[in-house]
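Read off the chains here:
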Amino acid sequence: MKLILLGPPGGGKGTQAKRILTKLRIPQISTGDLLRAEAASGSALGKKLKEYMDMGKLGPDDLIIQIIKNRISEPDCAKGYIFDGFPRTMPQALALDTITKVDVALNIMVPDSEIIGRLTTRRTCKDCGAIYNLKSIPPKVAGKCDKCGAHLFQRDDDNEKTVMNRLKIYHEQTAPLIEFYRKKGILVEADCSGTLEQNSALVDKALEKWLK
Ligand code: AMP
């Protein structure tokens, strides 16, 4: 099962990917997480990537495609995977077509008006990557992950200025992929503007055929 999660930054792709992967028993491949890991390594490439991320810009397509090729050739990807944050441009989608056949693309729909509030209150666990929201999904103990107790941090790119840029780029470069996958006949959609429970129920409904 190969699944693409489409949708705006802060729409809940990561949260839904983490929930679905336990049902499908396939890994989540988050290009954002892979790029942040490279940035944290302090390598020259990582420093360059951090500059793109901090400006809310997308990394270079060639590099992203190479990272994806390497990642999906690892043994845990043999039965499929959930792409979270890839593809994000038309060249990436066209390159993916030459690499593998995807079963379904889920469009997670959230209006822009929701996004800024959600991203500026998002917190992430530094160890296990669990995602919280200070308003809608707060941790039980402030600043600590419910699952592993590690420290929660705010991503450098989750500030209002960068978020506005990420949204602009999403509409210009990523949103056209919705029609691309609709035309291929593999698009399903879920309105994720509600509570986590409501959104999760709608995602499960959209993916009903695959989650059985
Ligand atoms: P995310 O964690 O998915 O919100 O991604 C964080 C940042 O990583 C984005 O704002 C981009 O700078 C970069 N990034 C993640 N995925 C991609 C991608 N598929 N193509 C280009 N840049 C990406």
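Residues numbered from 1 in each chain as written. Predicted model: local features only at pLDDT ≥ 70, side-chain atom pairs only at ≥ 80, totals over all residues. Heavy atoms only, no water.

Draft legend 1. Seen up close, the site of the ligand. Contacts to the ligand come from 16 residues, most closely from Thr31, Lys57, Gly59, Gly85 and Gln92. Between Gln92 and the ligand, the recorded distance is 2.9 Å, taken from a side-chain N or O atom to a nitrogen atom. Relative to its unbound accessible area of 480 Å², the ligand is 96% covered by the protein chains. Counting residues per element, the shell around the ligand draws most heavily on helix α2 (residues 31-41), at four residues. The class makeup of the residues in the shell around the ligand is five nonpolar, five polar and six charged. (Near = heavy atom within 4 Å. Polar contact = N/O pair within 3.5 Å; in protein donor to acceptor, adjacent residues only side chain to side chain. Areas by Shrake-Rupley, 256 points an atom, 1.4 Å probe, with all protein chains shown as cover. Helix = DSSP H or I, 4+ residues; strand = E, 2+ residues; numbered from the N terminus. Nonpolar A, V, L, I, M, F, W, Y, C, P; charged D, E, K, R; others polar.)

Draft legend 2. Here's a closer look at the side chain of Arg155. Here Arg155 is to be found in the loop between β7 (152-153) and α7 (160-174). Owing to a relative accessible area of 13%, Arg155 belongs among the buried residues under this scheme. At 2.9 Å, the side chain of Arg155 forms a polar contact with the side chain of Asp157. Setting aside its immediate chain neighbours within four residues, Arg155 contacts Arg36, Arg122, Thr124 and Arg166. (Buried < 20%, exposed > 50% of the residue type's maximum accessible area, 1.4 Å probe, protein only. Contact = heavy atoms within 4.5 Å.)

Draft legend 3. Broad picture of the pattern of salt bridges. Summed over the entire model, instances satisfying the criterion amount to 19 salt bridges. The residue Glu51 makes a salt bridge to Lys48 at a minimum N-O spacing of 3.3 Å. Linking Glu51 with Lys48, this pair stays in helix α3 (residues 44-55), spanning three residues, or about one helical turn. Judged by relative accessible area, which is 44%, Lys48 ranks as partly exposed. Through salt bridges with shared partners, one network takes in Arg122, Arg155, Asp157, Asp158 and Arg166. (Salt bridge = Lys/Arg side-chain N within 4 Å of Asp/Glu carboxyl O.)

Draft legend 4. Structural view of the sheet that holds strand β5 (residues 122-125). With antiparallel pairing, the three strands of this open sheet are ordered in space as β6-β5-β7. Lying at the two open borders of the sheet, with one neighbouring strand each, are β6 (131-133) and β7. Across three bridges, β5 lies against β6 in antiparallel orientation. Within β6, the position partnered with Arg123 by the bridge is Tyr132. (Pairing = 2+ DSSP bridges.)

Draft legend 5. Seen up close, the sheet that holds strand β3 (residues 81-84). Strands sit in the order β2-β3-β1-β4-β8 across an open sheet of five strands; the sheet is parallel. Both outer strands of the open sheet, β2 (28-30) and β8 (187-191), are each paired with one neighbouring strand and no more. Strand-to-strand twist across the sheet, computed as the mean angle between neighbouring axes with direction ignored, equals 20°. Where strand β1 (residues 2-6) lies against β3, four bridges are found, and the strand directions are parallel. Considered in β3, the bridge of Lys2 is made with Tyr81. (Axes fitted to C-alpha atoms, helices over the stretch in contact; angles between N-to-C directions.)

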